[in-house]
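Chain and residue survey
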Amino acid sequence: MNYLVPDAIFYQGSLRRDLAISINEGLIDSVLPKSKLPPDGSLENLPGQALLPGFVNAHSHAFQRLIRGGTEYRN
C-alpha cells in the first residue's frame, strides 16, 4: 500500500492539514489521519502541495441535436 502525504487535503468541505491518502492498486483506498500512517508503508511526501477532488466535466453538445440541419441553408 502506498500513501500520499500532502501539506493539505480538501476533504468534506474544508482544507485539512492532518490527513493522508492511501492508494491501493492505483485507486484511492481511504483517507486517514497522518497519525495513523503505518511505519511500514511506502510514503510519498508532497511538501507545498494541496490535493483537491477531481471536477466533473459537465460539458455537453446536446443542444446541437435541436439545431441539427436547421442552419445549413439561408432562408
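Shown above is the structure to which this text applies.
Being a predicted model, the structure only gives us computed values, none of them experimental.

Procedures and definitions
- Residues numbered from 1 in each chain as written.
- Predicted model: local features only at pLDDT ≥ 70, side-chain atom pairs only at ≥ 80, totals over all residues.
- Heavy atoms only, no water.
- Patch = residues over 30% accessible without salt bridge, like charges linked within 9 Å, V, L, I, M, F, W, Y side chains within 5 Å.
- Areas by Shrake-Rupley, 256 points an atom, 1.4 Å probe, with all protein chains shown as cover.
- Salt bridge = Lys/Arg side-chain N within 4 Å of Asp/Glu carboxyl O.
- Helix = DSSP H or I, 4+ residues; strand = E, 2+ residues; numbered from the N terminus.
- Pairing = 2+ DSSP bridges.
- Core = buried A, V, L, I, M, F, W, Y, C linked by side-chain atoms within 4.5 Å.
- Buried < 20%, exposed > 50% of the residue type's maximum accessible area, 1.4 Å probe, protein only.
- Contact = heavy atoms within 4.5 Å.
- Polar contact = N/O pair within 3.5 Å; in protein donor to acceptor, adjacent residues only side chain to side chain.

Taken together, the side chains of Phe10, Leu15, Leu52 and Phe55 make up a nonpolar region of the molecular surface, amounting to roughly 480 Å² of accessible area. Looking at where Leu15 falls in the secondary structure, it is placed in strand β2 (residues 14-16).

Another aspect to go through is the pairing of strand β4 (residues 27-33). Relative to β4, strand β3 (residues 19-24) is paired through 6 bridges, and the arrangement is antiparallel. What sits directly across from Ile21, in β4, is Val31. Where β3 hands over to β4, the hairpin turn is made up of 2 residues, of which Glu25 adopts a positive phi near 55°.

To continue, consider the nonpolar core. In this structure, Tyr3, Val5, Ala20, Leu32 and Leu37 together form the largest nonpolar core, which totals 5 residues. Residues within four places of Val5 in sequence aside, it is in contact with Ala20, Lys34, Leu37, Leu43, Glu44, Asn45 and Leu46.

You can see Ser22 is positioned in strand β3. For Ser22, a relative accessible area of 1% puts it in the buried group. Engagement of the side chain of Ser22 in a polar contact is seen with the side chain of Ser30, the distance being 2.7 Å. Look past the residues within four positions of Ser22 in its chain and what remains in contact with it is Met1, Asn2, Tyr3, Leu27, Ile28, Asp29, Ser30 and Leu32.

Here we come to unusual backbone geometry. If you check the backbone angles, Gln12 has positive phi at about 50° while not being a glycine. Within the secondary structure layout, Gln12 lies in the loop between β1 (2-11) and β2. Using a relative accessible area of 71% as the deciding quantity, one classes Gln12 as exposed. The phi angle at Glu25 is positive, at roughly 55°, despite the residue not being glycine. Inspection of the secondary structure assignment puts Glu25 in the loop between β3 and β4. Exposure remark for Glu25: the relative accessible area of 78% places this residue in the exposed category.

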